[in-house]
Amino acid sequence: MTDLDDIPAPQGDLTLKLITSRQDTNFYGDIAGGWLVNHMDQAAELCAGRLAHGRTATVAIETMDFLCPVRVGSVVNIYTNAQDIGRSSIKVNVEVWIRPPQERNPDELYKVTEARFVMVALDDNGRIRAVPGE
């Protein structure tokens, strides 16, 4: 989570890049918010899993606001940035930026949403375990 910038840009590493299709839409032809949350969760798990050296699970999603709708054919870019690493938990900032289908400039991205995912490291039995030190 960052303060507002004059020229906003994605923060973190590009973790997932997807293209939206008609099967992902709601009744109005926009991409369903749940579809975005699902992919944000996957990106957070990829980021946390690298740091935890294994399985992680989402235990909380902090504030999320949607800034604009996502249309079919948009390229969805999901960025992650691990912020706080605790004994067994990792907080991952996740941002979603899109390039709408009619956008002519391939470098022009629009921010859709951001959230902080709280992930916990799990062992093979699904019990909480410590995150290994680097």
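Here, the structure is the one placed above.
Within each chain, residue numbers correspond to sequence positions counted from 1 in written order. Restriction of local features to residues with pLDDT of at least 70 applies here, the model being predicted, together with a cutoff of 80 or more for giving and counting side-chain atom pairs; totals for whole chains, interfaces and linings are based on all residues. Water and hydrogen atoms were dropped before computing side-chain values, which therefore reflect all heavy atoms in the structure.

With that settled, consider the overall build of the chain. Within the chain, the regular secondary structure consists of one helix and five strands. Secondary structure elements are taken from DSSP: a helix is a run of H or I of four residues or more, a strand is a run of E of two residues or more, and numbering for both begins at the N terminus. Along the chain direction, N to C, the helices and strands of the chain fall in the order β-α-β-β-β-β. Against the 2.2 N^0.38 benchmark of 14 Å for 134 residues, the chain shows a C-alpha radius of gyration of 16 Å, consistent with a compact globule. What sets the accessible areas is the Shrake-Rupley method with a 1.4 Å probe; for residues, cover comes only from the shown protein chains. As displayed, the chain offers around 8,000 Å² of accessible surface, 48% of which is attributable to carbon and sulfur atoms. Computing the positive centroid from 13 side-chain charges and the negative centroid from 19, the chain places the two 6 Å apart. The globule rule used here is 2.2 Å times the number of residues to the 0.38 power, and the radius of gyration it is set against is calculated over C-alpha atoms. His is not counted here, nor are the chain ends, while Lys and Arg score as positive and Asp and Glu score as negative. Charge placement uses NZ in Lys and CZ in Arg. For Asp and Glu, CG and CD serve respectively.

With that out of the way, let us pick up the sheet that holds strand 3 (residues 75-85). What holds strands together in a sheet is hydrogen bonding between their backbones, with the strands either parallel or antiparallel. Strands were regarded as paired on the criterion that DSSP finds at least two bridges between them. Strand order across the open sheet formed by five strands is 1-3-4-5-2, with antiparallel pairing between neighbours. The open sheet has two edge strands with one neighbour each: strand 1 (13-19) and strand 2 (56-61). With strand direction ignored, the average angle separating the axes of adjacent strands in the sheet is 30°. As defined by bridge partners, strand 1 adjoins strand 3 across six bridges and the pair is classed as antiparallel. Only the stretch in contact is used when a helix axis is fitted, and all axes are lines through C-alpha atoms; the angle between N-to-C directions ranges over 0 to 180 degrees.

This next bit is on the pairing of strand 3. Examined bridge by bridge, strand 3 and strand 4 (residues 89-99) share ten bridges and lie antiparallel to one another. Of the residues in strand 4, the one forming a bridge with Asn77 is Trp97. In sequence, strand 3 turns back onto strand 4 through a hairpin of three residues.

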